[in-house]
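Structural features, examined
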Amino acid sequence: MPSHLFADRPAQPSEPGSVDALISQTRRLRGEVDAVRRDTVVDDDDAQGRWQRALCDLAVHHLDDLREHLGQLKEGLPPAPELDELPEGAPATGAEPQQTRVGSAEWNLLTDEVNWSEELFQIFGRSPEAGPLPLDELGSTLFSEDQPLLTSMVTACLVDGKPIDGEFRIVRADGRVRTLHMRGEPVLDSDGCTASMWAVLRDVSELRRSQRAERESRDSLQRRREIAQTEHRLAVELQEAVLPPWRGSLRFPHHTTGALDVAAHYLPSATSALIGGDWYDALELPDDRSLLTVGDLTGHGVTATSGMAMMLGALRGMAMAGIEPGPLMGWLNQLLETSVQPALGSAVCCRYDPARRVLSWAQAGHPAPLLFRGSSGRALQPPEGVLLGATSGAAYGQAEERLQAGDVLVLHTDGLTPRSIEFSRADGTERLLALAPRFTAARSAQDCVRMVVEEFGESEREDDACVLVARVGG
């Protein structure tokens, strides 16, 4: 029903041509939004997708309401239907049509006459034969906690001439609960007294449901983001606490020939949000030997970094106790197998004797170290070794390689040379080996690391990586 303050004020008709254009635009926009909604794939764990889907649902409901209002604007105020015009056998309280969301009513205070539109009967689930509800009985359909609100709005409208604008919940005759938004105004007679009250009631149940779903999904997405940010910060702090604190080159042992010049670098993933379980370490052992190691645990976040901390701590302790690389890998495999949070890992562990310039090493499903001598490089022949945590009681072989003064040894995790559609891992290894002439001209291990970072640091890596370079002194 059109809004009016005086009973004798005629409603102004709308231009049908302009309304038709708006209806067409609304219908077209609704179809486009619905297409986006259908294309939105939502998984149980996809909070972002659920939020996007809820926004699409909300937009569709708004557009459906807009199209319905424009249709009513185009048709004008329909005449109240006569009860005897109902087709014979038509159900009085049948299923509610999908588009029945707005109905109107007028309560005449002078004659006690009440007029409801056909749509309002459908919204309330009430038979037209039962007649419309008087104002003093309308509250009986409301939730008890919503009744005071309706009483207050109606009283303010009738006594003080204030417009009605509020929401309440009703229980239909079929037991269904609906949320209605009511807007109305008093109609004054020529003396300025309230003659009647009109109202438009809109069923906003689905709209409020969509709004709740959007709000809940948005809150869930925000909580997940906050949790992810907290976990990322913890993972970074744990990684920084566990990885070696030294920066630049490290030289040991100090008092003998054949000492190693060591440098290393951690390369984050392209997004910098995926903190994995990659590690590197170089450690001087009590017998003047040196430990060199890199490795990687599956997974990302706090779980991966805490597992990496456990593995690196165990590796350091066993190396300091004099356990050789092959048996050491066996113990790491057993440790990972019995861990509370099972995972898979790969690693390479090297023990260097500067007196004999011999490198003893073992690996567990990991890329072999690369040895650069002169202007060429090659991958060392790997001994037997499966992924850590993959097989119970696995045996790990151990190999030896005699090094020479000026040799450069490169250890890296597999994230440095990832597989892709364009490049295989072998292609990445070839790119590393192609750096041989530049390594020969380098003055330090730190210079070699810088060359590797320049070659691989700008690539779009899905995973983080570590590289460690050891240069044998004269």
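Residues numbered from 1 in each chain as written. Predicted model: local features only at pLDDT ≥ 70, side-chain atom pairs only at ≥ 80, totals over all residues. Heavy atoms only, no water.

**Remarks on the overall build of the protein chain**
- Along the backbone of the protein chain there are 11 helices and 16 strands.
- Evaluated residue by residue, the protein chain yields a buried proportion of 42% over its 474 residues.
- Restricting the contact set of the protein chain to residue pairs at least 6 apart, pairs at least 24 apart contribute 66%.
- Working note: accessible area of the protein chain is about 24,200 Å², and carbon and sulfur atoms make up 52% of it. (Helix = DSSP H or I, 4+ residues; strand = E, 2+ residues; numbered from the N terminus. Buried < 20%, exposed > 50% of the residue type's maximum accessible area, 1.4 Å probe, protein only. Contact = heavy atoms within 4.5 Å. Areas by Shrake-Rupley, 256 points an atom, 1.4 Å probe, with all protein chains shown as cover.)

**What about the pairing of strand β8 (residues 279-284)?**
- The sheet contact formed by β8 and strand β9 (residues 290-297) spans six bridges and is antiparallel. What sits directly across from tyrosine 280, in β9, is valine 294.
- Here β8 hands over to β9 after five residues, with aspartate 288 in that stretch at a positive phi of 70°. (Pairing = 2+ DSSP bridges.)

**Brief notes about the sheet that holds β9**
- An order of β8-β9-β10-β11-β14 is seen for the five strands of this open sheet, with the pairing classed as antiparallel. The sheet is open, and its two edges are formed by β8 and β14 (399-402), each paired on a single side. With strand direction ignored, the average angle separating the axes of adjacent strands in the sheet is 15°.
- Helix-sheet contacts for helix α7 (residues 302-320) involve β8, β9 and β10 (345-353), and the interaxial angle to β8 is about 20°. (Axes fitted to C-alpha atoms, helices over the stretch in contact; angles between N-to-C directions.)

**Overview of the environment of alanine 282**
- Along the polypeptide, alanine 282 turns up in strand β8.
- The exposure class assigned to alanine 282 is buried, which follows from its relative accessible area of 5%.
- Separated by 18 residues in the primary sequence, alanine 282 and alanine 264 place their C-alpha atoms 8.9 Å from one another.
- Discounting chain neighbours no more than four positions away, the residues touching alanine 282 are Trp246, Leu250, Phe252, Val262, Leu291, Leu292 and Leu468.

**Some words on the packing of aromatic side chains**
- Counted by the stated rule, this structure contains three aromatic pairs.
- Geometry around phenylalanine 143 places arginine 169 over its ring, the cationic atom sitting 4.3 Å from the centre. (Phe/Tyr/Trp six-rings, centres within 6.5 Å; stacked < 30°, edge-to-face > 60°. Lys NZ or Arg CZ within 6 Å of the ring centre and 35° of its normal.)

**Here's the deal with unusual backbone geometry**
- A positive phi angle, near 70°, is found at aspartate 288, a position not held by glycine.
- Structurally, aspartate 288 is set in the loop between β8 and β9.
- For arginine 357, which is not a glycine, the phi torsion comes out positive at approximately 55°.
- Judged by relative accessible area, arginine 357 falls into the partly exposed class, the value being 23%.

**Focus: the packing of helix α6 (residues 205-242) against α7**
- Following both chains from N to C, one finds α6 and α7 inclined at 15°, their axes separated by 8 Å at the closest point. Considering the angle they form, α6 stands roughly parallel to α7. Between α6 and α7 lies a crossing of left-handed hand. For the pair α6 and α7, the contacting residues are Glu231, Leu234, Ala235, Leu238, Gln239 and Val242 in the first and Val302, Thr305, Ser306, Met308, Ala309, Leu312 and Arg316 in the second.
- Class assignment of the residues belonging to the contact of α6 with α7 gives a composition of eight nonpolar, three polar and two charged. (Parallel < 35°, antiparallel > 145°, perpendicular 65-115°, else oblique. Left-handed = near helix turned anticlockwise from the far one by under 90°. Nonpolar A, V, L, I, M, F, W, Y, C, P; charged D, E, K, R; others polar.)

**What about the pairing of β10?**
- Counting buried positions along β10 gives nine out of nine residues, so the element sits mostly inside the fold.
- One ladder, built from eight bridges, connects β9 with β10; its direction is antiparallel. For leucine 291, the partnering residue across the bridge sits in β10 and is arginine 351.
- Pairing of β10 with strand β11 (residues 358-364), which is carried by seven bridges, proceeds in the antiparallel orientation. Among the inter-strand pairings, alanine 347 is bridged to a residue of β11, identified as alanine 364.
- Where β10 folds back onto β11 in an antiparallel hairpin, the turn is made up of four residues, including arginine 357, whose phi is positive at roughly 55°.

**Structural notes on helix α5 (residues 147-160)**
- If you check α5, its first and last C-alpha atoms are 19 Å apart, about what 14 residues at 1.5 Å a residue would give, namely 20 Å.
- By the burial criterion, the buried members of α5 are Leu150, Met153, Val154 and Cys157. One side of α5 holds all its buried residues, which, seen down the axis, span an arc of 90°. Turned more than 90 degrees off the buried face of α5, the exposed positions are Pro148, Thr151, Val159 and Asp160.
- Buried-residue contacts for α5 involve α4 (135-138), β3 (164-171), β4 (177-188) and β5 (194-203).
- Where α5 ends, the next residue or the one after it, glycine 161, has phi of about 70°, a positive value. (Expected span 1.5 Å × (residues − 1). Arc of directions from axis to C-beta.)

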